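# Results of the structural survey
One letter stands for each residue in the lines below.
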Amino acid sequence: WYIRAVAQMGRGTRAVELLEMLSPATRAATRAAADRYKTEPYVVAADVYGVPPHAGRGGWSWYTGSAGWMWRVAVESIMGLGMEGGKNLVINPSISREWPECRLRYRVPAFKTVYDITIQNPHGKEHGVTAAEVDGSSCEIRDGKAIVPIMRDDQEHRVVIKL
């Protein structure tokens with residue numbers, strides 16, 4: 001919840017740092033770290049011990065509630081993907097200023113329509129969409145968020161967002 005709040009405040013760099021701290025892949029990025037973590041590096045642990053002799057060791061792995069929220073924070077809060085009334089995608093990223101670009105793909109439920117979304121960050125910003133286009137045509141920007149109409153045409157659409 002804290003990471004989500006930090007991202008919503010537009011502090012993308014800090015939100016990304018915090019998400020990486022919680023990531024099991026980060027906790028087991030080296031052999032020494034994996035030996036200390038002692039749990040699967042591909043699932044979210046409910047806790048990580050902070051007191052010796054078990055400091056850094058994961059516990060209660062396969063804690064699916066936390067995994068679901070971690071995924072939502074990454075997709076909704078950091079990458080900024082949301083939906084408005086079932087008619088529009090709202091893209092409001094809060095990313096690290098060190099990311100020159102990031103991407104995600106989204107498939108509209110019950111259809112084969114796919115959005116290939118690229119977020120470009122040429123000026124090292126954390127938040128605030130300045131330009132957006134779908135398949136080469138400009139789309140609406142409202143309050144620093146891109147508003148992308150949802151098409152149910154079973155096609156792939158390229159979305160480019162610029163911060």
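Up top you'll find the structure we're talking about.
Now for a look at the structure at hand. Values in this document were obtained by computation on a predicted structure and should not be read as measured data.

## Structural notes on the overall build of the protein
Scanning the protein from terminus to terminus reveals 5 helices and 11 strands. By principal-axis analysis of the C-alpha atoms, the protein measures approximately 60 × 35 × 25 Å. Counting over 163 residues, the protein shows a buried share of 40%. For the protein, the exposed area adds up to about 9,400 Å²; of that, 54% sits on carbon and sulfur atoms.

## Looking at a negative patch on the surface
Taken together, E133, D135, D153 and D154 make up a surface patch of like negative charges. Along the chain, D135 falls in the loop between β7 (131-134) and β8 (137-138). Given the relative accessible area of 43%, D135 is considered partly exposed.

## Some details on the packing of aromatic side chains
Evaluated as defined, the whole model comprises 2 aromatic pairs. With 4.5 Å between their ring centres and 45° between their planes, W1 and W69 make a pair best called tilted. One end of the pair, W1, is in the segment before α1 (2-8); the other, W69, is in helix α5 (residues 64-78), and 68 residues separate them in sequence. Considering the side-chain rings of Y42 and W62, the 6.1 Å spacing of their centres and the 70° angle between planes classify their relative orientation as edge-to-face. Linking Y42 in the loop between α4 (31-37) and β1 (47-48) with W62 in the loop between β2 (58-59) and α5, this pair joins segments that are 20 residues apart in sequence. The residues Y42 and W62 share a single accessibility class, namely exposed.

## With respect to the pairing of strand β10 (residues 145-149)
Sheet topology places strand β4 (residues 88-91) next to β10; 4 bridges connect them, and they run antiparallel. Bridged to L89 within β10 is V148. Strand direction decides the pairing type here: strand β9 (residues 140-142) and β10, joined by 3 bridges, are antiparallel. Bridge assignment links E140 to a residue of β10, and that residue is I147.

## Some words on the pattern of salt bridges
Here the structure, examined in full by the defined rule, presents 10 salt bridges. Between R142 and E84 there is a salt bridge, with the nearest N and O atoms lying 2.8 Å from each other. Here the residue R142 occupies a position in strand β9, and E84 occupies one in strand β3 (residues 81-84), the gap between them amounting to 58 residues. By relative accessible area, which is 32% here, R142 ends up partly exposed. When its relative accessible area of 28% is taken as the criterion, E84 is described as partly exposed.

## Comments concerning the pairing of β3
As defined by bridge partners, β3 adjoins β4 across 4 bridges and the pair is classed as antiparallel. Residue pairing for β4: G82 is matched across the bridge by V90. Joining the antiparallel neighbours β3 and β4 is a turn of 3 residues, in which G85 adopts a positive phi near 60°.

## Brief notes about unusual backbone geometry
Across the junction of P52 and P53, the peptide omega takes the value 10°, indicating a cis bond. You can see P53 is positioned in the loop between β1 and β2. Positive phi values are uncommon outside glycine, yet D154 reaches one of about 60°.

Thresholds applied
Per chain, residues are indexed from 1 in the order of the written sequence. Totals for whole chains, interfaces and linings use all residues, but because this is a predicted model, local features are given only for residues with pLDDT of at least 70 and pairs of side-chain atoms are given and counted only at 80 or more. Hydrogens are left out, water is left out, and the side-chain values use all remaining heavy atoms of the structure. The numbering of helices and of strands both runs from the N terminus, where a helix is a DSSP run of H or I of at least 4 residues and a strand a run of E of at least 2. Only protein chains enter the accessibility calculation, which uses a 1.4 Å probe. A residue is then buried if its area is under 20% of the maximum for its type, exposed if over 50%, and partly exposed in between. Per-residue and other accessible areas follow the Shrake-Rupley method at a 1.4 Å probe size, with only the shown protein chains counted as cover for residues. Patch membership is restricted to residues that have no salt bridge and whose relative accessible area is over 30%. Joining uses 9 Å for like charges and 5 Å for the nonpolar side chains Val, Leu, Ile, Met, Phe, Trp and Tyr. The working definition used for a salt bridge is a side-chain nitrogen of Lys or Arg within 4 Å of a carboxyl oxygen of Asp or Glu. When charges are counted, neither His nor the chain ends are considered; positive counts come from Lys and Arg and negative counts from Asp and Glu. We put the charge of a Lys on NZ, of an Arg on CZ, of an Asp on CG and of a Glu on CD. Side-chain rings of Phe, Tyr and Trp, where Trp is taken by its six-membered ring, are said to pair if the distance between their centres is within 6.5 Å; with planes under 30 degrees apart they count as stacked, over 60 as edge-to-face, and otherwise as tilted. Only when DSSP finds a minimum of two bridges between them are two strands counted as paired.

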